[in-house]
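# An overview of the molecular structure
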Amino acid sequence: MQAIPFAKAALAGLALLLLGSCGGSPLGQHGFQAQYAVARNALEAGEYDLARRSYRKLMQAPGPLAARLQLEYAHAELRGGDFAAAARSAGQLAQGQSGPARAAALAVQGTALHEIGLAQLAQGQAEAGRQQLEAARKVLAEVLETHPELDPLGSMAGRRASIEARLKTL
């Protein structure tokens, strides 16, 4: 389907438009935009190490997009397989946010916690895995209850159902 790539392109374009209106970055407006493009393109291309390095550089300069950058950084950690770092970063972000921004951070955190729990269960750490799955279920439930529009395809609802089914077997 063309809709998902188009939506990603539209989101990236909107972000660049917003970035273009931001001043005060030590990188300068053009430098910040260029560095953001590197980070975002790396994330989209599956180059997660480059994305993480680029987002870390961008996050050093506080500004109006700090929360957005931290969310994208957490997403790069998640996609790169560092679930503990993703859960930690997204969880810290969620604490200081409300509304859809909080829900977006919780979605990343919940996904990471789910993956951590599954890995622990696979390693025979039943209690630790159960605790991670419980935490994932809790944060994903908040996302789905407060902002169901963030799950238009039902993937978070499916993840939560999978978690609930797994917890019944523990």
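Predicted, not measured: the structure shown is a model, and the values here were computed from it.

### What about the overall build of the protein chain?
- Helix and strand counts for the protein chain come out as 8 helices and 0 strands.
- Each helix and strand of the protein chain, placed in order from N terminus to C terminus, yields the pattern α-α-α-α-α-α-α-α.
- In the protein chain, buried positions account for 36% of the 170 residues.
- Considering only contacts within the protein chain whose residues lie at least 6 apart along the sequence, 50% involve residues at least 24 apart.
- Of the roughly 9200 Å² that the protein chain leaves accessible, carbon and sulfur atoms contribute 57%.

### Points about the environment of Gly96
- Looking at where Gly96 falls in the secondary structure, it is placed in the loop between α5 (83-95) and α6 (99-122).
- Sequence-wise, Gly96 and Ala67 are 29 residues apart; in three dimensions their C-alpha atoms are separated by 9.0 Å.

### Thoughts on the side chain of Arg40
- Topologically, Arg40 is positioned in helix α2 (residues 28-45).
- On the basis of relative accessible area, Arg40 is assigned to the buried category, the value being 10%.
- Within the structure, the side chain of Arg40 is placed 3.3 Å from the side chain of Glu72, a separation counted as a polar contact.

### Examining the packing of α6 against helix α8 (residues 155-169)
- α8 packs onto α6 with a crossing angle of 35 degrees between their chain directions and a minimal axis gap of 11 Å. Judged by the twist between their axes, the crossing of α6 over α8 is left-handed. For the pair formed by α6 and α8, the contact residues are Ala107, Thr111, His114, Glu115, Leu118 and Leu121 on the first element and Met156, Arg159, Ser162, Ile163 and Arg166 on the second.

### Overview of the pattern of salt bridges
- Using the criterion set out here, one finds 11 salt bridges in the structure.
- The salt bridge partner of Glu127 is Arg130, with a shortest N-O separation of 2.5 Å. Here Glu127 and its partner Arg130 are both found in helix α7 (residues 126-146), 3 residues apart, which amounts to about one turn of the helix.
- Taking the shortest distance from any N to any O, the salt bridge between Arg160 and Glu164 comes out at 4.0 Å. Here the residue Arg160 and the residue Glu164 both occupy positions in helix α8, the gap between them amounting to 4 residues, near one helical turn.
- For Arg160, a relative accessible area of 23% corresponds to the partly exposed category.

### A closer look at the packing of helix α3 (residues 48-59) against helix α4 (residues 66-79)
- Closest axis-to-axis distance for the α3/α4 pair is 9 Å, and the angle between their directions is 160 degrees. One way to sum up the angle between α3 and α4 is to call them roughly antiparallel. In the crossing of α3 with α4, the sense of the turn from one axis to the other is left-handed. Counting all contacts with α3, which are made through Tyr48, Ala51, Arg52, Tyr55, Arg56, Leu58 and Met59, the residues of α4 involved are Leu69, Gln70, Glu72, Tyr73, Ala76, Glu77 and Arg79.
- Tallied by class, residues from the contact of α3 with α4 come to 8 nonpolar, 1 polar and 5 charged.

Calculation notes
Residues numbered from 1 in each chain as written. Predicted model: local features only at pLDDT ≥ 70, side-chain atom pairs only at ≥ 80, totals over all residues. Heavy atoms only, no water. Helix = DSSP H or I, 4+ residues; strand = E, 2+ residues; numbered from the N terminus. Buried < 20%, exposed > 50% of the residue type's maximum accessible area, 1.4 Å probe, protein only. Contact = heavy atoms within 4.5 Å. Areas by Shrake-Rupley, 256 points an atom, 1.4 Å probe, with all protein chains shown as cover. Polar contact = N/O pair within 3.5 Å; in protein donor to acceptor, adjacent residues only side chain to side chain. Axes fitted to C-alpha atoms, helices over the stretch in contact; angles between N-to-C directions. Left-handed = near helix turned anticlockwise from the far one by under 90°. Salt bridge = Lys/Arg side-chain N within 4 Å of Asp/Glu carboxyl O. Parallel < 35°, antiparallel > 145°, perpendicular 65-115°, else oblique. Nonpolar A, V, L, I, M, F, W, Y, C, P; charged D, E, K, R; others polar.

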